[in-house]
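Chain by chain, the residues:
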Amino acid sequence: MYFFRSTVGRKILMALTGLVMVLYVTLHMLGNFSVYYGADAMNSYAAKLQGLGPLIWGVRAILIISIYLHVFYGIQLTVENHDSKGTYSVRKYIMANFASRNMIWTGSLLGVYIFYHLLHFTFGVINPVLFAGRNPDGTGRPDVFGMVVTNFQHFTVSLIYISAMFVLSLHLIHGVQSLFQTGGLNNEETMPYVKKAGVIAALIISLGFISVPVIILAGLVKN
């Protein structure tokens with residue numbers, strides 16, 4: 001189809017899949033806040049998610065497809081932009097900021113971290129002894145709270161997580177801006193607001209995630 005081959009079509013797909021992922025990480029961040037309310041709240045939240053059954057797998061399928069399309073077309077557009085010549089290409093590079101010039105690298109680092117995060121907290125491969133599925137709480141639910149708190153009490157684990165969230169913030173700064181621009185909000189009047197929206201959204205999401213290991217390292221939340 002021409003839509004998938006055209007630059008505009010692929011940018012629209014990048015925007016839509018990016019929106020799906022922004023919505024997901026926002027909901028994921030809000031879910032992580034259940035750690036503030038203790039073990040029962042977080043384990044209950046995790047159990048309810050698992051209880052959704054086919055619905056949760058449907059969401060995961062949409063997310064996986066979105067990630068694949070986002071990565072695939074992101075690489076395509078980056079390579080094409082790198083190979084392009086002329087005044088427009090040079091001017092675009094000069095006007096671009098650090099976040100926009102390094103989207104391919106921040107995206108790659110996030111991909112590596114997501115793989116690590118899944119092995120660590122979702123599948124329990126990296127630290128199986130602390131895996132929630134092997135350590136039920138008093139009611140028989142997987143002790144997600146205990147797994148999260150115990151892992152984040154280790155400085156190295158928290159540092160990896162915090163570093164990944166910093167990379168996420170860089171990716172979101174330009175990603176959110178691109179989302180608005182693809183929607184046509186890229187004139188001289190709106191651009192300053194679009195840029196601010198990208199920075200604010202990136203800070204809210206990244207700091208929200210970072211707050212969890214920070215409060216655990218500070219001893220404000222204990223297992």
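These numbers come from a predicted model, not from an experiment.

Engineer: Tell me what's going on with the overall build of the chain, and back it up with residues and numbers.
Structural biologist: Within the chain, the secondary structure is distributed over 10 helices and zero strands. In sequence order, the secondary structure elements of the chain are arranged as α-α-α-α-α-α-α-α-α-α. Seen along its three principal axes, the alpha-carbon backbone of the chain occupies a region of about 65 × 40 × 30 Å. Residues counted as buried form 38% of the 223 residues belonging to the chain. In the chain, the share of contacts with a sequence separation of at least 24, taken over all contacts with a separation of at least 6, comes to 71%. As displayed, the chain offers around 13,600 Å² of accessible surface, 71% of which is attributable to carbon and sulfur atoms. Computed over 14 positive and 7 negative side-chain charges, the separation of the two mean positions in the chain equals 5 Å.

Engineer: Lay out the packing of helix α8 (residues 144–152) against helix α10 (residues 191–217) in plain terms, naming residues and giving numbers.
Structural biologist: At a closest axis distance of 8 Å, the pairing of α8 and α10 adopts a crossing angle of 70 degrees. It follows from the interaxial angle that α8 and α10 lie roughly perpendicular. Two secondary-structure elements touch here, α8 through Val148, Val149 and Phe152 and α10 through Val212, Pro213, Ile216 and Leu217. Of the residues in the contact of α8 with α10, the class split is seven nonpolar, no polar and no charged.

Engineer: Any chance you could break down the confidence of the model for the chain for me, citing the residues and the numbers?
Structural biologist: Taken over all residues, the pLDDT of the chain has a mean of 88, while the share at 70 or more is 91%. Looking across the chain, the model is least confident in helix α5 (residues 87–95), with a mean pLDDT of 43, and most confident in α8, with 98. Confidence drops under a pLDDT of 50 for residues 86–96, and excluding neighbours within four residues, the segment shows five contacts in the predicted structure.

Engineer: Help me get a handle on helix α3 (residues 39–50), residues and values and all.
Structural biologist: Its 12 residues give α3 an end-to-end C-alpha distance of 16 Å, which sits within 8% of 16 Å, the value for a rise of 1.5 Å per residue. Inspection of α3 places Met42, Asn43, Ser44 and Ala46 among the buried residues, and these make up the whole buried set. Those residues of α3 hidden inside the fold are in contact with α2 (7–32) and α8.

Engineer: Break down the packing of aromatic side chains for me, citing the residues and quoting the values.
Structural biologist: In the structure shown here, the tally under the stated rule is seven aromatic pairs. Ring geometry for tyrosine 113 versus tyrosine 161: centroids 6.2 Å apart, planes at 75 degrees, classification edge-to-face. With tyrosine 113 in helix α7 (residues 103–122) and tyrosine 161 in helix α9 (residues 155–182), this pair connects stretches of sequence that are 48 residues apart. Accessibility assignment for this pair places tyrosine 113 and tyrosine 161 in one class, buried. Within the aromatic cluster, the residues linked to one another by ring pairs are Tyr113, Tyr116, Phe121, Phe152 and Tyr161. Over the ring of tryptophan 57 we find arginine 60; its NZ or CZ atom is 4.6 Å from the centre of that ring.

Engineer: Explain a nonpolar patch on the surface to me, using residue names and the numbers behind them.
Structural biologist: Where nonpolar side chains cluster on the molecular surface, the patch consists of Ile114, Leu118, Phe123, Val125 and Ile126 and spans about 450 Å² of accessible area. Take leucine 118: it is sitting in helix α7.

Engineer: Go over the nonpolar core, please, and point to the residues and values.
Structural biologist: Core analysis: the largest hydrophobic core is formed by 33 residues, its most contacted members being Val148, Phe152, Met165, Phe209 and Ile216. Looking at this core, the elements with two or more residues in it are α2, α3, α7, α8, α9 and α10. Tallying contributions element by element places α9 first for this core, with eight residues. Those residues in contact with isoleucine 216 that lie beyond four places of it in its chain are Val148, Val149, Phe152, Gln153 and Val221.

Engineer: Give me the lowdown on the environment of alanine 202, citing residues and values where you can.
Structural biologist: As for its position among the elements, alanine 202 is in helix α10. Taking the C-alpha atoms as reference points, alanine 202 and proline 142, separated by 60 residues in sequence, lie 31 Å from one another. In this structure, alanine 202 is in contact with Ser169, Leu172 and Ile173, ignoring residues within four places of it in sequence.

About the criteria used
- Residues numbered from 1 in each chain as written.
- Predicted model: local features only at pLDDT ≥ 70, side-chain atom pairs only at ≥ 80, totals over all residues.
- Heavy atoms only, no water.
- Helix = DSSP H or I, 4+ residues; strand = E, 2+ residues; numbered from the N terminus.
- Buried < 20%, exposed > 50% of the residue type's maximum accessible area, 1.4 Å probe, protein only.
- Contact = heavy atoms within 4.5 Å.
- Areas by Shrake-Rupley, 256 points an atom, 1.4 Å probe, with all protein chains shown as cover.
- Lys, Arg positive; Asp, Glu negative; His and termini not counted.
- Charge placed at Lys NZ, Arg CZ, Asp CG, Glu CD.
- Axes fitted to C-alpha atoms, helices over the stretch in contact; angles between N-to-C directions.
- Parallel < 35°, antiparallel > 145°, perpendicular 65-115°, else oblique.
- Nonpolar A, V, L, I, M, F, W, Y, C, P; charged D, E, K, R; others polar.
- pLDDT = per-residue confidence, 0-100.
- Expected span 1.5 Å × (residues − 1).
- Phe/Tyr/Trp six-rings, centres within 6.5 Å; stacked < 30°, edge-to-face > 60°.
- Lys NZ or Arg CZ within 6 Å of the ring centre and 35° of its normal.
- Patch = residues over 30% accessible without salt bridge, like charges linked within 9 Å, V, L, I, M, F, W, Y side chains within 5 Å.
- Salt bridge = Lys/Arg side-chain N within 4 Å of Asp/Glu carboxyl O.
- Core = buried A, V, L, I, M, F, W, Y, C linked by side-chain atoms within 4.5 Å.

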